[in-house]
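Remarks on the overall topology
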Amino acid sequence: MKTLQRTFTIIKPDAVQKNAIGDIIEQFEKNGFKILAIKMLEITKHQAEQFYAVHASRPFYGSLTDFMSSGPIVVLALEKENAIADLRMLMGATNPAQAEEGTIRKKWATNIEFNAIHGSDAEDTARFELSFFFAGYELSK
Ligand code: CMP
């Protein structure tokens, strides 16, 4: 039996700046994702550091968290069968130079850092990321 899975995504400040919100959300819907929750907000550098704590030792941690706190973002909870892997396929490779034609990053990302969109990479990270941005009542159906 196929089971529904939830994932989490961020339309990053670069994509918001490029007026790509509508196009990216259209891609989610056209590809079978149900939008369970959505909001636009700004996060602080400290909040970005907490969200990306798993990357704390990476050389790009400082600039990544500067970037993610540099302007509005749109966060969404998505649902679909196989949502985590399917979203990552739709996003394309982290580095847009390696992203497939037709993917969101191929169309909207500037480079490996300003790469338009984030998506959870596994079930445990999806749970953490959904609960970082959404309260229980926002996801209970
Ligand atoms: P994301 O999917 O949000 O997960 C971590 C982010 O770190 C990634 O997208 C990129 O924005 C950024 N990132 C990953 N690798 C690099 C890199 N080599 N240089 C700069 N930024 C990176």
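Below you will find a few notes about this structure. Here, residues in each chain are numbered from 1, in the same order as that chain's written sequence. In view of the model being predicted, local features appear only for residues whose pLDDT reaches at least 70, and side-chain atom pairs are presented and counted only at 80 or more, with totals across whole chains, interfaces and linings using the full set of residues. Hydrogens and waters are ignored; side-chain quantities use all the structure's heavy atoms.

**Things to note about helix H2 (residues 21-30)**
The following threshold applies: Buried means the residue's accessible area, taken with a 1.4 Å probe over protein chains only, is under 20% of the maximum for its type, while exposed means over 50%, and partly exposed covers the values in between. By definition, any uninterrupted DSSP run of H or I lasting at least four residues is a helix, any uninterrupted run of E lasting at least two residues is a strand, and each is numbered from the N terminus.
Three or more residues of H2 are buried, namely Asp23, Ile24, Ile25 and Phe28. Following H2 by one or two positions, Gly32 has its phi on the positive side, about 90°.

**Some remarks on the sheet that holds strand S1 (residues 4-11)**
By definition, the strands of a sheet pair up through backbone hydrogen bonds, in either a parallel or an antiparallel sense. Applicable threshold: Only strands that DSSP links by at least two bridges are regarded as paired with each other. Between N-to-C directions, angles cover 0 to 180 degrees, with each direction set by a line fitted to C-alpha atoms, over the stretch in contact for helices. By the convention used here, residues are in contact when the closest approach between their heavy atoms is within 4.5 Å.
Here we have four strands laid out as an open sheet, ordered S2-S3-S1-S4, and antiparallel in their pairing. With partners counted over all chains shown, the strands left at the sheet margins are strand S2 (34-41) and strand S4 (117-119), one partner each. Direction aside, the axes of adjacent strands within the sheet are offset by 20° on average. Sheet analysis places S1 next to S4, joined by three bridges and oriented antiparallel. By the bridge assignment, Ile11 is partnered in S4 with Ile117. On the sheet, helix H5 (residues 83-91) packs against S1, strand S3 (73-81) and S4 and is oriented at approximately 35° with respect to S1. The sheet contacts of helix H7 (residues 123-133) involve S1, S2, S3 and S4, and relative to S1 the element is tilted by about 60°.

**What about the site of the ligand?**
Filter applied, for reference: One heavy atom suffices: a residue is near a molecule or strand as soon as one of its heavy atoms comes within 4 Å of it. For the purposes of these results, a polar contact is taken to be a pair of N or O atoms within 3.5 Å, where, inside protein, one atom must be able to donate a hydrogen and its partner to accept one; residues adjacent in sequence count only when each atom of the pair is a side-chain atom. Accessible surface is estimated by sampling points in the Shrake-Rupley manner with a 1.4 Å probe; for residues, cover comes only from the protein chains shown.
Taken together, Lys12, Tyr52, His55, Phe60, Leu64, Thr94, Arg105, Ile112, Glu113, Asn115 and His118 make up the full set of residues adjacent to the ligand. Within the side chain of Lys12, an N or O atom sits 2.7 Å from an oxygen atom of the ligand. Here an oxygen atom of the ligand and a side-chain polar atom of Arg105 are 3.2 Å apart. Isolated, the ligand exposes 450 Å² of accessible area, and the fraction of that covered by the protein chains is 80%.

**Quick look at the packing of aromatic side chains**
How we decide: Any pair of Phe, Tyr and Trp rings, taking the six-membered ring for Trp, is counted once the centres come within 6.5 Å. Such a pair is stacked with planes under 30 degrees apart, edge-to-face with planes over 60 apart, and tilted for the rest.
If you walk through the whole model with that rule in mind, you get 11 aromatic pairs. Judged by centre distance (4.9 Å) and plane angle (85°), the rings of Phe51 and Tyr52 are edge-to-face. You can call Tyr52 buried: its relative accessible area is 5%. For the ring pair Phe67 and Phe114, a centre distance of 4.7 Å and an interplane angle of 70° mean the geometry is edge-to-face. Separated by 47 residues along the polypeptide, Phe67 in helix H4 (residues 61-68) and Phe114 in the loop between helix H6 (104-108) and S4 bring together distant segments of the chain. Phe114 sits in the partly exposed class, given a relative accessible area of 32%. An aromatic cluster is defined as three or more aromatic residues linked by ring pairs; in this entry it consists of Phe8, Phe51, Tyr52, Phe128, Phe132, Phe133 and Phe134.

Interpretation in functional terms is not warranted from these geometric data alone.
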